[in-house]
Amino acid sequence: MTDQTPKTPEEKPDGSQVTGSQVTGGQPPAEWVEFVTPFAKALGLDLEEVTKKLTALAGEPGKQAILVLKSGEYAPFEELKAALPGVPTGVLKKAVADHLRADAAVEVNSVASAMATPSFDALPQAPEDDAWLQMLRTGGELKVDKATVVSAVRAGLASRTGLYELPAEIIKRMEQHAEELDEPVGPDFFKMQKLLTTRSYAEIFAALEVDGKFVSQRKKTALMARLDEILWPEILSFQGQLQNWADSWQQGMANPAAMMGAFFSMTQGGGAAMPPGMMQPPATDGLRDAAEAFKEQVNRVFAGVGIPVARALAYDALKIKEVLENPTLPTQVGAVNRDQMLKMFGANVSADYVRLERNITRFTLAVLEYTDTTAGQEELGYLSALLMLGMQIPFEKLATGSTGAAMRPEKTTSRR
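Our subject in this report is the structure included herewith. A quick note: this is a predicted structure, and the numbers were derived from the prediction, not measured.

1. Re the packing of aromatic side chains
- Counted according to the given criterion, the structure contains three aromatic pairs.
- Ring centres of Phe-189 and Phe-190 lie 5.3 Å apart, and the angle between their planes is 90°; on these two criteria the pair is classed as edge-to-face.
- Residue Phe-190 is classed as exposed on the basis of its relative accessible area, which comes to 53%.
- Ring geometry for Tyr-370 and Tyr-382: centres 6.1 Å apart, planes at 25°, overall stacked. Placement of the pair is Tyr-370 in the loop between helix H18 (353-369) and helix H19 (377-391) and Tyr-382 in helix H19, with a sequence separation of 12 residues. The two residues Tyr-370 and Tyr-382 agree in class, both being buried.
- The cationic tip of Arg-288 hangs over the ring face of Tyr-370; the distance from NZ or CZ to the ring centre is 5.1 Å.

See below:
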């Protein structure tokens, strides 16, 4: 007669118990079957045979045994080789890399990919002058759209570098230089005078149905103060938090020799596993919170009538840049070249102004769109590209402007 006495769970030496499904001779748990079967097939052995040989190394089939086999520290390749005699070394190495350590290899490859030279294609493009004007002409309702954000960045940068003060200085110097030479001023003088006294915003306000006269100097001054108070501190703050996040990741990989040694060992199918946290990037929750806060602050910039004023200021900056491209302008103010002319006026408009404007605009748009990225590889690639873009921007030059107080990027925790 069959013994009907219920069997009690067996007890391990540490006092814990194992169920019948984990006891040798019983049916292995489904998770063990799923994990070990591909490994056994790669070796040309059946599951039961491999299970018996691995039990001495990893323990009874189950979740804990799987964790042991996944670790190069707890189940070194040499011990796996000893547990599976007769399996060719190369075959065993490949099977270990493809199946037992597959998750670890994916982690290393993923991080290696994220650490590789990032592609700026992941970031939004900063529109060129013509494209930006077209965006303004065809824009619709009053809302903080991409064209308006670009306008604010352009206006803020022009204010920071003293671009708006140039027309008055140029007119004054052109008249003075003509008098010194006992010659009449040229036609460029009157063009500059018109630029300074008559502002026509018809082409950029058509979509908004706003009269250009509505944008007074008082409104412009108020918006530029708001840009200094809100926009630049927020850009600098996010850059500081992004750099802080990158530094935290780098500190986890502070030993390049150990990292490369572990990486080589894992790719060969054996050896020690990566130390916990070495390749894992820090959580990005703080950066996402900072990006959301950034959006809220950008909205504050355009409170009231900020949208048309920002567009008008950016349009003014565009026209001033066009004037500065006049190759005869330096001689008309008594300067040898463009650089000397700009120094004469004390303007911080260097030859790389266009590149700086494009980069800071792209950086701002990228922060605004960052929260649209998907967590994982897409997000890491996006942040890596954004970090590299930020490294190309001389934030120290932007930290002190003609109308703003000194600021520096700060490595702070995110603000909710």
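2. A look at the side chain of His-177
- Looking at the element boundaries, His-177 is found in helix H9 (residues 166-180).
- The exposure class of His-177 is buried, given its relative accessible area of 14%.
- The contacts of His-177, once residues within four sequence positions are left out, are Thr-331, Gln-332, Val-333 and Gly-334.

3. With respect to helix H17 (residues 338-345)
- Looking at H17, one finds that the buried residues are Met-341, Leu-342 and Phe-345. The arc enclosing the buried residues of H17, seen along the axis, measures out at 95°, which places them on a common side.
- On the buried face of H17, the contacting elements are H9, helix H15 (306-324) and helix H16 (329-332).
- The residue sitting at the N-terminus of H17 and contributing the capping side-chain oxygen is Asn-337; that oxygen lies 3.3 Å from the backbone nitrogen of Asp-339.
- Just downstream of H17, Gly-346 is the residue with a positive phi angle, here 70°.

4. Re the nonpolar core
- In this structure, Ile-170, Phe-238 and Phe-363 are the most contacted members of the largest nonpolar core, which totals 73 residues.
- A total of 13 residues in this core trace back to one element, the largest contributor, which is helix H12 (residues 217-251).
- If we ignore the near neighbours within four places in the chain, the residues touching Phe-238 are Leu-287, Ala-290, Ala-291, Phe-363, Val-367, Tyr-370 and Leu-386.
- Grouped together as the second largest cluster of nonpolar side chains are 23 residues, Phe-39, Ile-66, Leu-69 and Ala-75 included.

5. Brief notes about a negative patch on the surface
- A contiguous patch of negative charge on the surface is contributed by Glu-292, Glu-296, Glu-369 and Asp-372.
- With relative accessibility at 39%, the residue Glu-292 sits in the partly exposed group.

6. A closer look at the packing of H12 against H15
- The interhelical angle for the contact between H12 and H15, taken along N-to-C directions, is 95°, at an axis separation of 10 Å. Taken together, the axis directions place H12 and H15 in an arrangement best described as roughly perpendicular. On H15, the residues touching Lys-219, Lys-220, Leu-223, Met-224 and Arg-226 of H12 are Gly-306, Val-309, Ala-310, Leu-313 and Asp-316.
- Grouping the constituent residues of the contact of H12 with H15 by class yields five nonpolar, one polar and four charged.

Here is what the cut-offs are and how they apply
Residues numbered from 1 in each chain as written. Predicted model: local features only at pLDDT ≥ 70, side-chain atom pairs only at ≥ 80, totals over all residues. Heavy atoms only, no water. Phe/Tyr/Trp six-rings, centres within 6.5 Å; stacked < 30°, edge-to-face > 60°. Buried < 20%, exposed > 50% of the residue type's maximum accessible area, 1.4 Å probe, protein only. Helix = DSSP H or I, 4+ residues; strand = E, 2+ residues; numbered from the N terminus. Lys NZ or Arg CZ within 6 Å of the ring centre and 35° of its normal. Contact = heavy atoms within 4.5 Å. Arc of directions from axis to C-beta. Polar contact = N/O pair within 3.5 Å; in protein donor to acceptor, adjacent residues only side chain to side chain. Core = buried A, V, L, I, M, F, W, Y, C linked by side-chain atoms within 4.5 Å. Patch = residues over 30% accessible without salt bridge, like charges linked within 9 Å, V, L, I, M, F, W, Y side chains within 5 Å. Areas by Shrake-Rupley, 256 points an atom, 1.4 Å probe, with all protein chains shown as cover. Salt bridge = Lys/Arg side-chain N within 4 Å of Asp/Glu carboxyl O. Lys, Arg positive; Asp, Glu negative; His and termini not counted. Charge placed at Lys NZ, Arg CZ, Asp CG, Glu CD. Axes fitted to C-alpha atoms, helices over the stretch in contact; angles between N-to-C directions. Parallel < 35°, antiparallel > 145°, perpendicular 65-115°, else oblique. Nonpolar A, V, L, I, M, F, W, Y, C, P; charged D, E, K, R; others polar.

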